[in-house]
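Listed below, chain by chain, are the residues.
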Number of protein chains: 2
Amino acid sequence: MGCVTTALRTARPARKDALENREAILAAAGVVFRADPEASLDAVATQAGLSRRSIYGHFASRDELLAELLVRGGARISAALAGVHDPDPRIHLALVGAALWTEVQQVRVLAQLAIHGPLEKTVADALAPVRASVRHAVAGGIAAGFFRADVPEPSLARLIEDAAIAVLDEAVRSELSEAEGRRLVMAVGLSVAGLSWQDAAAVIDALPADPPQRPTNDKDPR
Amino acid sequence: MGCVTTALRTARPARKDALENREAILAAAGVVFRADPEASLDAVATQAGLSRRSIYGHFASRDELLAELLVRGGARISAALAGVHDPDPRIHLALVGAALWTEVQQVRVLAQLAIHGPLEKTVADALAPVRASVRHAVAGGIAAGFFRADVPEPSLARLIEDAAIAVLDEAVRSELSEAEGRRLVMAVGLSVAGLSWQDAAAVIDALPADPPQRPTNDKDPR
DNA sequence: ATTAAGTTGCACGGTGGTGTGCAAGTTAGT
DNA sequence: ACTAACTTGCACACCACCGTGCAACTTAAT
């Protein structure tokens with residue numbers, strides 16, 4: 001084993017490929033756990049092209065690996081959401097949806113893991129920014145008369161979140177294109193919020209149009 | 001052990017309390033698996049007030065118990081859906097939602113189990129009637145111009161199903177009243193279908209009004 | 001070329017679940 | 001009261017997984 005975790009400034013600092021492997025494990029965990037949140041570390045190791053044993057050279061336990069995965073996912077989502085602000089709650093909500101779409105994989109991992117275990121708190125923390133943003137939009141939208149008035153605000157916020165997750169699943173299932181998925185997330189979010197599908201479409205079409213915000217994909221191999 | 005499964009017409013037919021216990025096990029399984037689809041048989045036995053060992057007097061294996069549970073749930077749902085027909089796709093969809101609401105528990109068990117394992121087919125079969133009914137309404141609604149035209153029909157059907165599940169979850173989480181839950185399922189289903197929330201409300205309010213269809217609750221202790 | 005970092009395979013102990021056999025008990029039905 | 005149906009508890013074998021120790025190997029960096 002190595003001094004991966006305890007990389008004190010002694011003899012030699014670390015090794016390049018070790019970090020790569022660490023990333024490979026995290027990437028593999030993303031893939032595997034997305035398909036089955038209860039998959040074994042063996043499955044993760046195989047997917048990463050490593051041995052189960054060597055995972056323990058990078059993570060002390062299964063839960064630690066999970067936690068790292070969640071924290072990273074949360075960070076990406078927060079980053080994607082950071083620039084999203086709009087005075088119009090409808091637009092705000094649509095933009096949140098679009099931002100989520102760019103992080104589908106992350107969102108789905110989190111959503112999968114959200115169900116069981118002692119990771120709940122970690123998951124909750126990771127998703128907190130999304131929740132806050134959605135709630136803000138919902139409150140404003142209801143107040144402005146844009147959104148439905150027949151559902152209490154907290155419930156509506158949760159319903160929109162759940163609907164967004166469902167759309168994300170459906171988008172992956174149907175292998176929608178980037179553009180279609182993006183549009184669908186926004187459209188269904190607004191629909192659940194109470195808009196007619198035509199109104200939702202109008203909101204989306206009037207968007208500042210920054211759609212193809214993907215520089216080939218980040219260098220981040222996740 | 002006993003001749004519970006192989007009740008040939010020999011010496012003595014069966015025993016009353018044995019059947020009761022069988023039902024108790026199924027009821028317990030419903031409760032336990034609803035909370036955690038991967039719970040152990042020990043948990044089920046405890047909930048049923050029996051020993052783990054005796055479960056095997058009624059069911060050959062865990063999967064067999066699960067299967068029985070799913071088949072029953074499917075049967076109840078089918079029954080609840082049997083009388084639901086309306087020429088107006090909007091009303092039809094709303095009524096399907098209302099019917100589902102009366103069977104929340106069953107639906108949620110099925111939805112929970114729908115994820116993993118070799119039970120998928122069983123689950124799919126159990127839910128087939130719902131799927132068919134929803135698809136029928138969706139196709140008609142799109143054709144009539146009531147529902148959204150920006151999502152392919154099969155996807156829209158699945159999205160509505162998923163949204164309904166989410167509403168069911170939310171309703172249980174928020175401990176909505178019978179009436180509120182019933183209304184919410186219908187309203188959100190129609191919203192996802194494309195109606196504005198006011199239109200959805202109008203459809204619901206114009207319903208033939210058979211709401212309190214609960215004679216104290218069936219004698220079925222599930 | 002040397003050396004420490006990292007990987008691998010194997011063996012192990014521990015945990016928690018399933019499914020079964022059996023002997024002893026309890027209880028419903030005759 | 002008798003008997004078969006049923007339940008129970010305990011024991012067991014089996015399996016899948018986690019986490020660890022260790023010795024042998026491969027390889028990045030000096």
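Please read these numbers as outputs of a predicted model, since none were measured by experiment. (Residues numbered from 1 in each chain as written. Chains lettered and ligands numbered in written order. Predicted model: local features only at pLDDT ≥ 70, side-chain atom pairs only at ≥ 80, totals over all residues. Heavy atoms only, no water.)

A. Structural view of the relation of the copies chain B and chain A. The two copies are related by a screw motion: chain B maps onto chain A through a turn of 180° and a shift of 0.0 Å along the axis, at an RMSD of 0.2 Å. What the rotation and shift describe, once combined, is the action of a two-fold rotation axis. Measuring from the rotation axis to each C-alpha of chain B, the shortest distance belongs to Ser 196 of chain B, at 1.8 Å. The overlap is high: 100% of the interface residues of chain B also sit at the interface in chain A, so the same surface is used on both sides. (Least-squares fit on C-alpha atoms with pLDDT ≥ 70 in both. Contact = heavy atoms within 4.5 Å.)

B. Structural view of the interface of chain B and chain A. Between chain B and chain A, the residue contacts involve 29 residues of the former and 29 residues of the latter. When chain B packs against chain A, close to 2,400 Å² is buried across both sides, 59% of that on carbon and sulfur atoms. When the area that chain B buries against chain A is broken down by residue, the three leading residues are Arg 148, Leu 159 and Trp 197 of chain B, summing to 24%. Applying the counting criterion to the chain B and chain A interface returns five salt bridges. Along the contact surface separating chain B from chain A lie 12 residue pairs in polar contact (both at pLDDT 80 or more). Every element with two or more residues in the side of chain B that touches chain A is listed here: helix H8 (153–174) and helix H9 (178–193) of chain B. Considering each element in turn, the side of chain B that touches chain A owes the most residues, nine residues, to H8 of chain B. Residue composition of the side of chain B that touches chain A, by class: 14 nonpolar, six polar and nine charged. (Buried area = accessible area lost by both parts, 1.4 Å probe. Salt bridge = Lys/Arg side-chain N within 4 Å of Asp/Glu carboxyl O. Polar contact = N/O pair within 3.5 Å; in protein donor to acceptor, adjacent residues only side chain to side chain. Helix = DSSP H or I, 4+ residues; strand = E, 2+ residues; numbered from the N terminus. Nonpolar A, V, L, I, M, F, W, Y, C, P; charged D, E, K, R; others polar.)

C. Quick peek at the packing of aromatic side chains. Applying the stated criterion to the full structure yields zero aromatic pairs over all chains. Arg 90 of chain A extends its terminal NZ or CZ atom over the ring of Phe 146 of chain A, reaching a point 3.5 Å from the ring centre. (Phe/Tyr/Trp six-rings, centres within 6.5 Å; stacked < 30°, edge-to-face > 60°. Lys NZ or Arg CZ within 6 Å of the ring centre and 35° of its normal.)

D. Molecular detail of the side chain of Ser 196 of chain B. Among the secondary structure elements, Ser 196 of chain B is positioned in the loop between H9 and helix H10 (197–205). Filtering out sequence-adjacent residues up to four positions away, Ser 196 of chain B remains in contact with Gly 194, Leu 195 and Ser 196 of chain A.

E. Structural detail: helix H4 (residues 62–82) of chain A. Residues and elements named next belong to chain A. Taking 1.5 Å of rise per residue, the 21 residues of H4 would be expected to cover 30 Å, and the 30 Å separating its terminal C-alpha atoms lies within 8% of that figure. The set of residues buried in H4 consists of Leu 65, Leu 66, Leu 69, Leu 70, Gly 73, Gly 74, Ile 77 and Leu 81. The arc that holds every buried residue of H4, seen down its axis, measures 165°, which confines them to one face. Projecting away from the buried face of H4 at angles above 90 degrees are the exposed residues Val 71, Ala 79 and Ala 82. Buried residues belonging to H4 abut helix H1 (16–35), helix H2 (41–48), helix H5 (89–101), helix H6 (104–113) and helix H7 (120–143). (Expected span 1.5 Å × (residues − 1). Buried < 20%, exposed > 50% of the residue type's maximum accessible area, 1.4 Å probe, protein only. Arc of directions from axis to C-beta.)

F. Geometry of unusual backbone geometry. Residue and element names in this part refer to chain A. Despite not being glycine, Glu 175 shows a phi value in the positive range, around 50°. Summarising the element assignment, Glu 175 is placed in the loop between helix H8 (153–173) and helix H9 (178–193). Overall, the relative accessible area of 69% leaves Glu 175 in the exposed class.

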